[in-house]
Amino acid sequence: MTETTDIDPKIERAVTRVAAAAKTASAVVSTASTKDKNAALEAIAQTLEDNIDDIVAASAEDIETAKKRGFSDSLLDRLELNEQRVRGIAAAVRHVIGLADPVGDIVSGRTLPNGINLMQKRVPMGVVGAIYEARPNVTVDIAALALKAGNAVILRGGSAAISANTLLVELLRKAVASAGLPADTVSSIDAWGREGAAVLMQARDYVDLLIPRGGPELIQRVVQDSIVPVIETGAGNTHMFIDSSAHVRMASDLVLNAKTHRPSVCNALETLLVHEKAARRVMPRILERLHEAGVTIHGDSDVAECAPEGVRIRRVTRRDWAKEYHDLEIAVRIVSDIDEAIEHIRAYSTGHTDVIVTNTIANADIFVDAIDSAVVGVNVSTRFTDGGEFGLGAEVGISTQKLHARGPMGLAELTTTKWVMRGSGQIRS
């Protein structure tokens, strides 16, 4: 393992021991049967349900601390684990049980002219590290998906959710061990803080893949500092373009859902673009409904002219176009045509999710072909960009890069492939 600088040697040794134990555990879970992995997942789901009160209490401790630290309402929402959310997490784990096990799937196969039988099959990634913040549900989501895909996982969940994450990892380890798999299939380095995360980013001898999930600063720090291969899960500066042919009711319903359903998450709408020919027709209703929902609206004088009486429009700045609000705020712009909308999205989108609302098939096709984001939608809410909604079960994150994983990352994205050759003594001439 590459030696890190300015790191307490005790922390480096401790995190290295965790990583080495995870590597050993991965050798066991990688060959575990689907039945055994599913048994461990059921044990996790049942354990979560059996300990709801303790989990909610631990989450309450985190929220109380976060309030004293002045966290925003959107961050407090991410931190909270109430009974309904814990039951939802357990249900997501059981959904993963019902998904097909990708390990062993044959991606391709053929017989070469020399008689060698060649096939490419899915195999576990090995040890997956995850660095994330203020999202205790991710602790279970990533652990469940990693386990089903035959991997061990090392978690770094951040200080904001330390009480909930500490308890969750303890429960996960006990559940996995009760099903006969190594407890080190799931481990945490939260106890060693940012220095521990720095060691994990250098642990290439033990960790096969690192996934950062959080704000832009966290993600970029991991991308820049890690020598372990990284899949980047990008920020969600999502857009919706209301085309000239869009229906008022559909457009206003989609905007309201995309912005207000859960504004703190990465697939919430941040920027609304409206065709100038539709502005007078659709904008008053959209702006009124956003205002009634408590959304702060940023726009220019053209947007203000479309606003009903009593709806305040704050002056928009260039910074707003690039901002991921994570709150009840939205930036609004009127554009001259679909080309200007596409130009704006190309300039400011983070490549997460961008949507067009239109009644014109030709414009829908133009938009889908022109927008190079992980998910592009037509007449749907941006909130559907989600592993659960896509039928993947829980998700590890939403990748905005262009390697083997793009968009919501489920089981298949936590595997790699290897080639297997079967011959009868062939030699190369």
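What counts and how
Residues numbered from 1 in each chain as written. Predicted model: local features only at pLDDT ≥ 70, side-chain atom pairs only at ≥ 80, totals over all residues. Heavy atoms only, no water. UniProt positions renumbered as here; feature names shortened; annotations may be inferred. Buried < 20%, exposed > 50% of the residue type's maximum accessible area, 1.4 Å probe, protein only. Helix = DSSP H or I, 4+ residues; strand = E, 2+ residues; numbered from the N terminus. Right-handed = clockwise from strand over helix to strand, strands pointing away. Pairing = 2+ DSSP bridges. Axes fitted to C-alpha atoms, helices over the stretch in contact; angles between N-to-C directions. Parallel < 35°, antiparallel > 145°, perpendicular 65-115°, else oblique. Contact = heavy atoms within 4.5 Å. Nonpolar A, V, L, I, M, F, W, Y, C, P; charged D, E, K, R; others polar. Left-handed = near helix turned anticlockwise from the far one by under 90°.

Under an unreviewed UniProt entry, the name given to the chain is Gamma-glutamyl phosphate reductase, and the organism recorded is Brevibacterium ravenspurgense. Word for word, the UniProt comment on the chain under Pathway (unreviewed entry) is "Amino-acid biosynthesis; L-proline biosynthesis; L-glutamate 5-semialdehyde from L-glutamate: step 2/2." Quoted verbatim from the Subcellular location (unreviewed entry) field of the UniProt record, the comment on the chain reads "Cytoplasm".

Peer 1: How should the pairing of strand β7 (residues 238-242) be read in this particular structure?
Peer 2: Strand residues, when the strand is regular, have side chains that alternate between the two faces of the sheet. The element β7 is extensively covered by neighbouring structure, given that five of its five residues are classed as buried. Of the crossover connections in this fold, the one passing from β7 over helix α10 (residues 248-260) to the parallel strand β8 (residues 269-275) is right-handed. Strand direction decides the pairing type here: β7 and strand β12 (residues 353-357), joined by four bridges, are parallel. Residue pairing across strands places H239 opposite D354, the latter belonging to β12.

Peer 1: In this structure, what is going on with the packing of helix α3 (residues 52-68) against helix α7 (residues 162-178)? I would like to understand it.
Peer 2: At their nearest, the axes of α3 and α7 sit 6 Å apart, and the two run at 150° to each other. When the interaxial angle is binned, α3 and α7 end up roughly antiparallel. Mapping the contact onto sequence places D54, I55, A58, S59, E61 and D62 in α3 and I162, S163, A164, L167, L168 and L171 in α7. Among the residues making up the contact of α3 with α7, the classes are represented as seven nonpolar, two polar and three charged.

Peer 1: Just checking my understanding: could you explain unusual backbone geometry for this structure?
Peer 2: For residues that are not glycine, phi is negative in most cases, and the peptide bond is trans in most cases. Of note in this structure, H326 is not a glycine but carries a positive phi near 55°. Counting through the fold element by element, H326 comes out in the loop between α13 (318-321) and β11 (329-335). For N379, which is not glycine, the phi dihedral falls at a positive 60°. Structurally, N379 is set in the loop between β13 (375-378) and β14 (398-399). The class of N379 is partly exposed, set by a relative accessible area of 26%.

Peer 1: For this particular structure, what's the right way to read the sheet that holds strand β10 (residues 313-315)?
Peer 2: Hydrogen bonding along the main chain pairs the strands of a sheet, whether they run parallel or antiparallel. Taken together, the seven strands give an open sheet; going across it, the order is β10-β9-β11-β8-β7-β12-β13, and neighbouring strands pair in parallel fashion. The sheet terminates laterally at β10 and β13, the two strands that pair on one side only. Adjacent strand axes in the sheet meet at a mean angle of 25° when their direction is disregarded. Two elements, strand β9 (residues 296-299) and β11, share three bridges in a ladder whose sense is parallel. Following the sheet pairing, H298 is matched in β11 by A331. Of the strands in this sheet, β7, β8, β9, β10 and β11 touch helix α11 (residues 276-292), which is tilted by about 150° from β8.

Peer 1: Looking at this structure, how should I read the sheet that holds strand β4 (residues 152-156)?
Peer 2: Spatially, four strands are ordered β5-β4-β3-β6 in an open sheet, and the strand pairing comes out parallel. Sheet topology places β5 (186-188) and β6 (209-213) at the edges, where each strand pairs with a single neighbour. Averaged over all pairs of adjacent strands, the angle between their axes in this sheet comes to 20°, without regard to strand direction. Set on the sheet, helix α1 (residues 9-29) makes contact with β3 (127-132), β4 and β5; between it and β4 the angle comes to about 150°. The strands that helix α9 (residues 216-225) touches are β3 and β6; relative to β6, the one it contacts most, it runs at about 160°.

Peer 1: What is the right way to look at the packing of helix α6 (residues 136-148) against α7 in this model?
Peer 2: The relative placement of two packed helices is expressed as an angle between their axes plus a distance between the axes. At a minimum axis separation of 9 Å, α6 and α7 run at an interaxial angle of 25°. In terms of orientation, α6 lies roughly parallel with respect to α7. As α6 runs across α7, the sense of the crossing is right-handed. Every residue of α7 that contacts α6 at P136, T139, V140, A143 and L147 is listed here: A164, N165, L168, V169, L172 and V176. Of the residues in the contact of α6 with α7, the class split is nine nonpolar, two polar and no charged.

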